[in-house]
Structure formats: C-alpha cells, structure tokens
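# Survey of secondary and tertiary structure
Spelled out, the chains give:
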Amino acid sequence: YVYISTPYLILNKEMENAICQACKNGAKVKLLTPHIPDKKMVFQLTRSFYKPLIEAGVEIYEFTPGFVHAKTFVVDGEMATVGTINLDYRSLFLHCENGVFLYKVDCIKDIEKDFENTFMVSMPYTKEMVDKTKWYTRGFRAILKVFAPLM
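The model shown is predicted, which means the values in this text are computed figures rather than measured ones.

What counts, and where the lines are drawn
Residues numbered from 1 in each chain as written. Predicted model: local features only at pLDDT ≥ 70, side-chain atom pairs only at ≥ 80, totals over all residues. Heavy atoms only, no water. Buried < 20%, exposed > 50% of the residue type's maximum accessible area, 1.4 Å probe, protein only. Helix = DSSP H or I, 4+ residues; strand = E, 2+ residues; numbered from the N terminus. Contact = heavy atoms within 4.5 Å. Pairing = 2+ DSSP bridges. Axes fitted to C-alpha atoms, helices over the stretch in contact; angles between N-to-C directions. Phe/Tyr/Trp six-rings, centres within 6.5 Å; stacked < 30°, edge-to-face > 60°.

Time to look at helix H2 (residues 40–47). Counted residue by residue, H2 has six buried out of eight residues, so it is predominantly covered. Buried within H2 we find Val-42, Phe-43, Gln-44, Leu-45, Thr-46 and Arg-47. Each element contacted by the buried residues of H2 is listed here: strand S2 (29–34), helix H3 (50–56), strand S3 (59–63), strand S7 (122–125) and helix H7 (135–146).

Given below as structure tokens:
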C-alpha cells in the first residue's frame, strides 16, 4: 500500500502514471488532500486530477475538519517520508524542498496510525462526485492545467 498526504496535488504525466500504475499492479493507494482550501485555484487544479486517479483505483480523501498541510508518505509500513515536499511541479523541480526518508524504524507505525485516524475524519471523494462536476467547472480546471507548472 501507499498512503500520500499533500496539500497541493499538481501532477505531471509521469507522476500521474506512476500512481495509477501502482494501483493497477495491486497496491492500495490512498491520497489525502484538503477539503478546505487555502488557495482556491490550486484546490481546483488538485481536483482536476481526481478522475484518472479514481478510475485507476486510487482512494481519495479530503480532510474536512480544516486545512491539512502534511506532506507525508507511507509505503507498506516499512518506508515513509516526512518533509516539505508537495506533489507539485514547483516543489519537485524549482524549490529546494526536502524530506526525511525513514526505513524500518518504529515511528513509521505512528505515521501510519495518524493516516488511519485522519482518513476516518475525512470525506471520501467518489467517482459519482467527479461525474457530477458541472461542465463549466471541468472546463475551468482544464484551463488551469495549462498553467500547472506555474502554480
């Protein structure tokens, strides 16, 4: 399994394909993003990536109690990262973001438990919700994708 928490999800094609392929290869992938945005354009852009991810089998949760700013990953209870790296172009290629890679250490259980507790208070975002998105919202999100590397 792979658990991912990021406040800003702006994927390039390679990242999107890697996440989708993980699901297709049998990994359970859960993604946590904010339900309450701090940047409305980035929030709309984040949601523009939901459809292909959900169709590939990714479970998407939006944190409803407030804004989630965690940037963490857990893989199979053995590996994790905690740091400042968002899943967006600017964090990965322009800024000097960093994270701590953890491997087979006890604190990974705590990170995993935090994910599980957070998923319980978060809203699952479903294919039905994606399908009910109004045409003009989908159009706006498509336009935002053109500017994704700048956001």
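Here we have seven strands laid out as an open sheet, ordered S6-S5-S4-S1-S2-S3-S7, and mixed in their pairing. With partners counted over all chains shown, the strands left at the sheet margins are strand S6 (99–103) and S7, one partner each. Neighbour to neighbour, the strand axes of the sheet diverge by 15° on average, direction disregarded. Examined bridge by bridge, S3 and S7 share four bridges and lie antiparallel to one another. Its bridge partner lying in S7, Ile-60 is registered against Tyr-125.

Let us look at the packing of aromatic side chains. A full pass over the atoms with the stated rule returns eight aromatic pairs. Measuring from ring centre to ring centre gives 5.5 Å for Tyr-3 and Phe-115, while their planes differ by 55°; the resulting arrangement is tilted. Linking Tyr-3 in strand S1 (residues 2–5) with Phe-115 in helix H5 (residues 107–120), this pair joins segments that are 112 residues apart in sequence. Taking the centre distance of 4.8 Å and the plane angle of 65° together, the rings of Tyr-50 and Tyr-125 count as edge-to-face. Here Tyr-50, found in helix H3, pairs with Tyr-125, found in strand S7; they are 75 residues apart in sequence, far enough to count as distant. An aromatic cluster is built from Tyr-1, Tyr-3, Tyr-61, Phe-115 and Phe-119, whose rings are joined through pairwise contacts.

None of the figures reported here should be taken as evidence of function without further support.
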